[in-house]
Amino acid sequence: MGMKLYVGDLPYGVRDHDLQQSFTQFGNVVSAKVMMERDTGRSKGFGFVEMGSDSEAQTAIQRMNGQPLGGRSLVVNEARPMEARAPRTQPYGGSLSPSNGNGHAGRNEGNFRSPYGIGPRNRSSQGNEQGNPDGNRFRNS
């Protein structure tokens, strides 16, 4: 069975196919996967390559580690098993502070005050206090 390799410091434009092509010169590439941000679809700058045999993987590590790709020096080594994570307490990345019922932490919860003033979620009531019927603080005159 082959060895899985970690490939770090990838240029953000590299995709699965590009990664696979970079390692085929060292042997059979079973799989190649660039890790992507879930929300944006942008590369995280690292990926994994599974080589067909341990000897092919060792050759790939020796020849590719430190080599330039797209202006960056690659980091290639044997992948470690993923560490176990603690289970999430809030579904879908919810706030760790108490919620005010709408999925967001309340304005004064946690005694946190932003140095930038009130956030955009809480500004709608200010527009109405100033007599602006559409709830916008700023008038489009």
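Residues numbered from 1 in each chain as written. Predicted model: local features only at pLDDT ≥ 70, side-chain atom pairs only at ≥ 80, totals over all residues. Heavy atoms only, no water.

A.B. asks: Outline helix α2 (residues 54–64), listing residues and values.
C.D. replies: In an α-helix there are 3.6 residues to a turn, and that puts residues three or four apart on one side. For α2, the full list of buried residues reads A57, A60, I61 and M64. Each buried residue of α2 lies within a common arc of 100° when the element is viewed along its axis, so the set occupies one face. Among the exposed residues of α2, those pointing more than 90 degrees away from its buried face are S55, Q62 and R63. Lining the buried residues of α2 we find β1 (4–8), α1 (16–23), β3 (43–51) and β6 (75–78). Two residues or fewer past α2, G66 is found with a positive phi of approximately 85°. (Buried < 20%, exposed > 50% of the residue type's maximum accessible area, 1.4 Å probe, protein only. Helix = DSSP H or I, 4+ residues; strand = E, 2+ residues; numbered from the N terminus. Arc of directions from axis to C-beta. Contact = heavy atoms within 4.5 Å.)

A.B. asks: Mind laying out α1, listing which residues take part and the relevant values?
C.D. replies: Here α1 has its buried residues at L19, S22 and F23. The buried residues of α1 occupy an angular sector of 90° when projected down its axis, which confines them to one face. Among the structural elements, β1, β2 (29–36), β3, α2, β4 (68–69) and β6 are those in contact with the buried residues of α1.

A.B. asks: Got a sec to walk through unusual backbone geometry? Specific residues and values, please.
C.D. replies: A negative phi holds for most residues other than glycine; trans holds for most peptide bonds. One non-glycine residue with positive phi stands out, namely D9, at about 60°. Note that D9 resides in the loop between β1 and α1. Of the residues examined, D9 reaches a relative accessible area of 36% and is grouped as partly exposed.

In short, the description is geometric, and any link to function would need to be established separately.
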